Amino acid sequence: MIQYSGVMQTNPRPSAGSRSKILSWALWDWGSASFNAVIITFVFAPYLTKSVAATEEAGSTALGWSTAAAGLIIALVAPAAGTRADSGGRHKLWLGVHTGIVILTMFGLFFVRDSPEYLWVGLLLIAMGNVFFEFAEVSYNGIMVRITHPDNVGKVSGFGWGMGYAGGLVLLVILLVLVIQPEVGLFGAGDEGGLRFRVVAALSAVWFALFALPVLFTAPSAKASKPSGGHPIKAFIADYGALVRRLVRMWREEHQTLRFFIASAVFRDGLAAIFAFAGVLAAGSYGFSASEIIILGVAANVAAGAGAMIAGYFDDRLGPKPVIIVGLIVILIGGMPILFSDNPVVFWACALVLSFCVGPVQASSRSFLARITPTERAGENFGLYATTGRAVSFLGPAMFAVFISLFGFQRAGTLGILLVLFVGLILIIPVKPESPAKSMQAQTKR
């Protein structure tokens, strides 16, 4: 038995996670940066909206709608998908399946030439990648619960986030030097037909595939909590019904867990908006070139990764909640100068401070949930984690746009994002962590 938050558990988490298993698990984060940093944020999505679409405005609008549609699918399906993985004990299987689909969509982007008729092909592939990446993360986070114990879950979560940022850094530098900057890059990549960016997509897919493999061989398997027989669609519907009933029970009996889901959804959306609009602000308000934006991305990944790894130490000693609160406060203070200065040096300084704190808040948010989640509910809880995050994913972008409209200059959008983060801070302060044992008792109580 182990002691956890003052409650004795008779069903401890399996094996507590060896270093090799933790490293293999974190390598998936390292590889997944090829999708987040390269495809979504700094390289391919800008190519899609600027070079493939007829106009940048049309491309940006279409990308927004396709991303919203992907978010809706994730919000509807992720919780039940997590429950399926839990009940069948198949986190590793579904991680492999969903990761494989994401990699295929990335390879598919190689065929998206710089002509408007290819826009919807690119949008569809990116939307599919978004959907299945979120599904993969549900199982990936579920595996984390099985390879950690209460004394190191914060450090492991921070290590994973840090590896993700480091992977994005290394890959961006490699692509910048070998493909993006040269007149003729690797494999003859040039500007004609958008080949430079298509090669980037293919190389990113290979990168993800290579670093996703280790966890699929080393992650511990789990016993099924119930038979997975029956018609898949009927089983899926039944799992969703059970999930709805669980949400009702959470409203009655698991107030702190439910409050955490709500608070984290709000501040995580604000954190996502920071990265989503950093490049937009850099180009529009501070005159950064395309290469300078990529360099900014590299620096942001270094800062965020370092912050996540350092914060893991404090997470395990003080708990995740203080790390989240301090991180959000520093972000709120560090983001304010952007509102008042158009000096690129000020923006660089603020961007690095914000990035350094974004990593710890993200990592400790995942650690917080892992600490209050029984292993039997890992996929279900992390499915809810994905869903609640997507449920309010409009907040950051909407507030960014609203404040630009109100004040008439682009940097004012920063105030909208900071307001979202402030609301998240207010919501997380009163939340009290619950032990997995207490949470499980509430779930089984009738």
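Cut-offs and rules
Along each chain, residues carry numbers from 1 onward, in the same order as the chain's sequence is written. Note on the predicted model: pLDDT of at least 70 is required for a residue's local features to be given, and 80 or more for side-chain atom pairs to be given and counted; whole-chain, interface and lining totals, by contrast, use all residues. The side-chain quantities take in all heavy atoms of the structure and omit both hydrogens and water. Note on conventions: DSSP H or I runs of at least 4 residues are helices, E runs of at least 2 residues are strands, and numbering of each starts at the N terminus. Buried residues are those whose accessible area, probed at 1.4 Å on protein chains only, stays under 20% of the maximum for their type, while exposed residues exceed 50% and partly exposed ones sit between those limits. Contacts between residues were defined by any pair of non-hydrogen atoms, one from each residue, lying within 4.5 Å. A helix's residues, less one, multiplied by 1.5 Å, set its expected span. Take the buried Ala, Val, Leu, Ile, Met, Phe, Trp, Tyr and Cys residues and link them wherever side-chain atoms come within 4.5 Å; each set so joined is a nonpolar core. Within 6.5 Å between ring centres, the rings of Phe, Tyr and Trp (the latter by its six-membered ring) count as paired, and their orientation is classed by plane angle as stacked under 30 degrees, edge-to-face over 60, tilted in between. Without a salt bridge and with relative accessible area above 30%, a residue can belong to a patch; like charges are then joined within 9 Å and nonpolar side chains (Val, Leu, Ile, Met, Phe, Trp, Tyr) within 5 Å. Throughout, the Shrake-Rupley method with a 1.4 Å probe supplies accessible areas, and for residues the shown protein chains are the sole cover considered. By salt bridge we mean one thing: a side-chain nitrogen of Lys or Arg within 4 Å of a carboxyl oxygen of Asp or Glu. pLDDT expresses how confident the predictor is about each individual residue, on a scale running from 0 to 100.

Looking at an unreviewed UniProt entry, one finds the protein named MFS transporter, with Brevibacterium picturae as its source organism.

A.B. asks: Which residues make up the side chain of His98, and what values go with them?
C.D. replies: Note that His98 resides in helix H4 (residues 91–108). For His98, a relative accessible area of 9% puts it in the buried group. Discounting chain neighbours no more than four positions away, the residues touching His98 are Phe132, Phe135 and Ala136.

A.B. asks: Provide a residue-level description of helix H11 (residues 320–335), including the pertinent values.
C.D. replies: End to end, H11 covers 22 Å across 16 residues, agreeing with the expected 22 Å (1.5 Å per residue, within 8%). Of the positions making up H11, those classed as buried are Pro320, Lys321, Val323, Ile324, Ile325, Gly327, Leu328, Ile331, Leu332, Gly334 and Gly335.

A.B. asks: Break down the nonpolar core for me, citing the residues and quoting the values.
C.D. replies: Within the largest apolar cluster, 104 residues are counted, with the highest numbers of intra-cluster contacts made by Trp25, Trp28, Ile39, Phe44, Leu421 and Ile428. For Trp25, the contacting residues outside a window of four places in its chain are Tyr140, Ile143, Met144, Ile147, Val156, Gly160, Val215 and Arg366.

A.B. asks: Requested: an account of the packing of aromatic side chains, with residues and values cited.
C.D. replies: Scanning the model with the defined rule gives 17 aromatic pairs in all. Ring geometry for Trp25 and Tyr140: centres 4.5 Å apart, planes at 5°, overall stacked. With a gap of 115 residues between them, Trp25 in helix H1 (residues 19–42) and Tyr140 in helix H5 (residues 119–147) connect regions that are remote in the sequence. As far as burial versus exposure is concerned, Trp25 and Tyr140 are alike and both buried. When the ring of Trp28 is compared with that of Phe208, the centres are 5.5 Å apart and the planes differ by 65°; the resulting orientation is edge-to-face.

A.B. asks: Residues and numbers for a nonpolar patch on the surface, please.
C.D. replies: On the surface, a nonpolar cluster with roughly 560 Å² of combined accessible area is contributed by Ile262, Leu419, Phe422, Val423, Ile426, Leu427 and Ile429. The biggest single contributor to the nonpolar patch is helix H16 (residues 413–428), with five residues. Structurally, Leu419 is set in helix H16.

A.B. asks: Please provide a residue-by-residue account of the environment of Val52, values included.
C.D. replies: Relative to the helices and strands, Val52 resides in helix H2 (residues 44–52). Sequence separation between Val52 and Trp120 is 68 residues; the distance between their C-alpha atoms is 9.6 Å. Those residues within four positions of Val52 in sequence are excluded, and the remaining contacts are Tyr47, Val112, Arg113, Asp114, Ser115, Pro116, Tyr118 and Leu119.

A.B. asks: Tell me about the environment of Leu109, residues and numbers included.
C.D. replies: In this fold, Leu109 is placed in the loop between H4 and H5. Leu109 gets classed as buried once you look at its relative accessible area, which sits at 2%. With residues near it in sequence (within four places) discarded, Leu109 still touches Ile39, Phe44, Gly122, Leu125, Ile126, Arg198 and Ala201.

A.B. asks: Just give me the short version of the confidence of the model for the protein, but keep the residues and values in it.
C.D. replies: When the pLDDT values of the protein are averaged, the result is 79; 79% of them are 70 or greater. Confidence drops under a pLDDT of 50 for residues 1–17, and excluding neighbours within four residues, the segment shows 40 contacts in the predicted structure. Of the regions scoring below 50 in pLDDT, residues 436–446 engages in 25 contacts with residues more than four places distant in sequence or in other chains.

A.B. asks: Give me H16: which residues, what numbers.
C.D. replies: Residues three or four positions apart in an α-helix share a direction because the helix packs 3.6 residues into each turn. Relative to the 22 Å expected for 16 residues at 1.5 Å per residue, H16 spans 23 Å between its end C-alpha atoms, a close match to the ideal helical length. Three or more residues of H16 are buried, namely Gly413, Thr414, Gly416, Ile417, Leu418, Val420, Leu421, Gly424, Leu425 and Ile428.

A.B. asks: Help me get a handle on the side chain of Thr414, residues and values and all.
C.D. replies: Note on placement: Thr414 falls in helix H16. The contact partners of Thr414, leaving out residues within four places of it in the chain, are Leu281, Gly335, Ile338, Leu339 and Phe400.

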